[in-house]
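Working through the structure, step by step
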Amino acid sequence: MSHALPGGSHLDGPVLLAAFEGWNDAGSAASLAVAHLTELWATEQIDELDPEEYHDFQVNRPQVTIAADGTREIAWPVTTVSVATSADEQTVVVVQGIEPSMRWRRYATEILDAAERLGVRTIVTMGALLADVPHTRPIPVTATTDDVELRERLGLDANSYEGPTGIVGVLQEEARRRGFVTISLWAAVPHYVAHPPSPKATLALLTKLEGLWGVPIPMGELPEEAEAWKAGVDELAGEDPEIAEYVAQLEEAKDTAELPEATGEAIAREFERYLRRRDAPGS
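These notes cover the structure that comes with them. This structure is a prediction, so every number in the text was calculated from the model and none was measured.

Thresholds applied
- Residues numbered from 1 in each chain as written.
- Predicted model: local features only at pLDDT ≥ 70, side-chain atom pairs only at ≥ 80, totals over all residues.
- Heavy atoms only, no water.
- Helix = DSSP H or I, 4+ residues; strand = E, 2+ residues; numbered from the N terminus.
- Buried < 20%, exposed > 50% of the residue type's maximum accessible area, 1.4 Å probe, protein only.
- Contact = heavy atoms within 4.5 Å.
- Areas by Shrake-Rupley, 256 points an atom, 1.4 Å probe, with all protein chains shown as cover.
- Patch = residues over 30% accessible without salt bridge, like charges linked within 9 Å, V, L, I, M, F, W, Y side chains within 5 Å.
- Salt bridge = Lys/Arg side-chain N within 4 Å of Asp/Glu carboxyl O.
- Polar contact = N/O pair within 3.5 Å; in protein donor to acceptor, adjacent residues only side chain to side chain.
- Phe/Tyr/Trp six-rings, centres within 6.5 Å; stacked < 30°, edge-to-face > 60°.
- Axes fitted to C-alpha atoms, helices over the stretch in contact; angles between N-to-C directions.
- Parallel < 35°, antiparallel > 145°, perpendicular 65-115°, else oblique.
- Left-handed = near helix turned anticlockwise from the far one by under 90°.
- Nonpolar A, V, L, I, M, F, W, Y, C, P; charged D, E, K, R; others polar.

1. Overview of the overall build of the protein chain
A count of helices and strands for the protein chain gives 9 helices and 10 strands. Counting across all 283 residues of the protein chain, residues that qualify as buried make up 45%. A separation threshold of at least 6 residues defines the contact pool for the protein chain, and within that pool the share at least 24 residues apart is 80%. When the accessible surface of the protein chain is summed, it comes to about 13900 Å², and 50% of that surface belongs to carbon and sulfur atoms.

So this is what it looks like as structure tokens:
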């Protein structure tokens, strides 16, 4: 089953959208954005990567569930490839999964082979990182590409990040080598509310994607969920003077400085802060 999408895309289609749970996905913001799209478009799964090849099951354990008829089932940490069809007969490919534990190049090759078979021309990956940003302000989303023409046409930036990377970075690089046009979207999630879900960051990613792509994306209940999330964090901050003071400092820094969310340098700084915080004793 497929669902028609409006035409008029700003991107050279067909388009592949991908997000991966784990290191690349603070607050589950990116994976929940892709999950929203698969629900919205009633996508049809056409492929599944064998988890035996890519996952350490002691790191990403399979989940036991009980079906409606009472039978027990095991759900494995698979990566799925699904499709929807646009109004002008273009294919939209959606990739969902968990960052693999091993064989990243082979994993990326499998995804890109499927993309080639489906005629994909543009690959958009989404991720989220922990950052020193206040929950009370718009969530910054960085959009970068190595394609010069696309940078000029859509006002994107070059990716200047250097440092440790995840499967999103590997997939982007392998895709670029194979001649795909690639775009990377990253949302900055407030590090003091990192526990998923983070609907405000999910909404920010989808809003940025909608603007770049030119394809309307109904947001459903996400705006209300984002407001409820903010109100909940406001309440928690109000009960802790230290957190409230820290949020106020972040707000002041955000309001008095030039917004950095549209620069490649910003994402590099946020990654460096995240890595320092992750590696700090007791973290």
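There is more to say, and it comes next.
2. A closer look at a nonpolar patch on the surface
Taken together, Val-64, Ile-74 and Trp-76 make up a surface patch of nonpolar side chains, about 290 Å² in accessible area. Checked against the element boundaries, Ile-74 lands in strand E5 (residues 72-75).

3. Some thoughts on the environment of Arg-153
When you line up the elements, Arg-153 lands in helix H4 (residues 148-154). Note: C-alpha distance between Arg-153 and Leu-212 (59 residues apart in sequence) is 10.0 Å. Among the polar contacts made by the side chain of Arg-153, one reaches the main-chain carbonyl oxygen of His-10 at a distance of 2.7 Å. In this structure the side chain of Arg-153 is engaged in a polar contact, spanning 2.8 Å, whose partner is the side chain of Glu-149.

4. Things to note about the pattern of salt bridges
Within the structure shown, the criterion is met by 10 salt bridges. One salt bridge in this structure joins Arg-153 and Glu-149, with 2.8 Å as the shortest N-O distance. Separated by 4 residues within a single helix, Arg-153 and Glu-149 lie in helix H4, roughly one turn from each other. For Arg-153, a relative accessible area of 44% gives the class partly exposed. Here Glu-149 falls in the partly exposed class, since its relative accessible area comes to 43%. Residue Glu-173 is joined to Arg-176 by a salt bridge in which the shortest nitrogen-to-oxygen separation is 2.7 Å. Of this pair, Glu-173 and Arg-176 both sit in helix H5 (residues 167-177), 3 residues apart, which is roughly one turn of the helix. Taking the relative accessible area as the measure of exposure, Arg-176 reaches 37% and is therefore partly exposed.

5. A closer look at the packing of aromatic side chains
Taken as a whole and assessed by the stated rule, the structure comprises 5 aromatic pairs. Three or more aromatic residues joined by ring pairs form one cluster here, namely Phe-20, Tyr-54 and Tyr-107.

6. Side note on the packing of helix H3 (residues 104-117) against H5
Contact geometry for H3 and H5: axes closest at 10 Å, N-to-C directions at 60°. By the angle between their directions, the pair H3 and H5 is classed as oblique. Judged by the twist between their axes, the crossing of H3 over H5 is right-handed. Counting all contacts with H3, which are made through Trp-104, Tyr-107, Ala-108, Ile-111 and Leu-112, the residues of H5 involved are Ile-167, Val-170, Leu-171, Glu-174 and Ala-175. Class assignment for the residues of the contact of H3 with H5 results in 9 nonpolar, no polar and 1 charged.

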